[in-house]
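# Topology and contacts: notes
These are the residues of each chain, in order.
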Amino acid sequence: MRVSSAFAVFLTIAACAGPTAHAQPAAPRAGAGKSKAGAPATASGLTGSYAGTATVPLGDSTIVVPVSYVFTGTAPAITGTAMVPGQGSGTISQVARDGARVRFRVTAGEGKLLEHDGTVAANGSIEGFVNLDGKPVAKFKIAPAALPAKPAAPAAAKPRGGQ
């Protein structure tokens, strides 16, 4: 089965774009990775649903692609699915968090690995770079989001005749 068009388009655009003019995020400052409550930061704090965008610079223009990620499981075995809504998905693996820094892989079409390297903010949002073959090809920004609501159960039928 082939990965859907959105990931294929994303990979094609990213590969054609080559390295972006953006620098990789700087190494975290001393003490920057500690959580506000003093509890150790773990990958398990990432589980849940996130939504946002991936921005791919292409010379004079930029393409912004909506993305969503669902992280499941418990540390150290967190996995999940990355999606371009309505278009396709890829498997999330190798999730690792060290303080505010988080890294994970998304396996896209033809086994291409989209390496994500980001920083978790105090509000739970994650911002960073997507790398393909060791080169930054896009910037991603996602925030915790509610999973789509399940359809409500049909209401019980009312008796006929006004009773």
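Here we summarise the structure given alongside this text. Small disclaimer: the values here were computed from a predicted structure and weren't measured.

### With respect to the pattern of salt bridges
Any two side chains of opposite charge can pair, on the condition that their charged atoms come close. Evaluation of the coordinates by the stated rule reveals four salt bridges. A salt bridge links Asp-117 to Arg-101; its shortest N-O distance comes to 2.6 Å. Of this pair, Asp-117 sits in strand E6 (residues 113–120) while Arg-101 sits in strand E5 (residues 101–107), and the two are 16 residues apart along the sequence. A salt bridge links Arg-105 to Glu-115, with the nearest nitrogen and oxygen atoms 2.6 Å apart. Residue Arg-105 is found in strand E5, and its partner Glu-115 is found in strand E6; the two are separated by ten residues along the sequence. Under the relative-accessibility criterion, Glu-115 is labelled partly exposed at 29%.

### Remarks on the packing of aromatic side chains
Per the stated rule, a full pass over the model turns up six aromatic pairs. Ring centres 6.4 Å apart and planes at 10° place the aromatic pair Tyr-69 and Phe-71 in the stacked group. Under the relative-accessibility criterion, Tyr-69 is labelled buried at 4%. With a centroid separation of 5.7 Å and 80° between ring planes, the pair formed by Tyr-69 and Phe-104 is classed as edge-to-face. In this pair, Tyr-69 is assigned in strand E2 (residues 61–72) and Phe-104 in strand E5, connecting sequence segments 35 residues apart. The pair Tyr-69 / Phe-104 is uniform in exposure class, with both members buried. Taken together, Tyr-50, Tyr-69, Phe-71, Phe-104 and Phe-140 form an aromatic cluster joined through their ring pairs.

### Points about the environment of Pro-66
Within the element layout of this structure, Pro-66 appears in strand E2. Taking the C-alpha atoms as reference points, Pro-66 and Ala-51, separated by 15 residues in sequence, lie 7.7 Å from one another. Once you skip the residues sitting within four places of it in the chain, Pro-66 turns out to touch Gly-52, Thr-53, Met-83, Val-84 and Pro-85.

What counts, and at which threshold
Residues numbered from 1 in each chain as written. Predicted model: local features only at pLDDT ≥ 70, side-chain atom pairs only at ≥ 80, totals over all residues. Heavy atoms only, no water. Salt bridge = Lys/Arg side-chain N within 4 Å of Asp/Glu carboxyl O. Helix = DSSP H or I, 4+ residues; strand = E, 2+ residues; numbered from the N terminus. Buried < 20%, exposed > 50% of the residue type's maximum accessible area, 1.4 Å probe, protein only. Phe/Tyr/Trp six-rings, centres within 6.5 Å; stacked < 30°, edge-to-face > 60°. Contact = heavy atoms within 4.5 Å.

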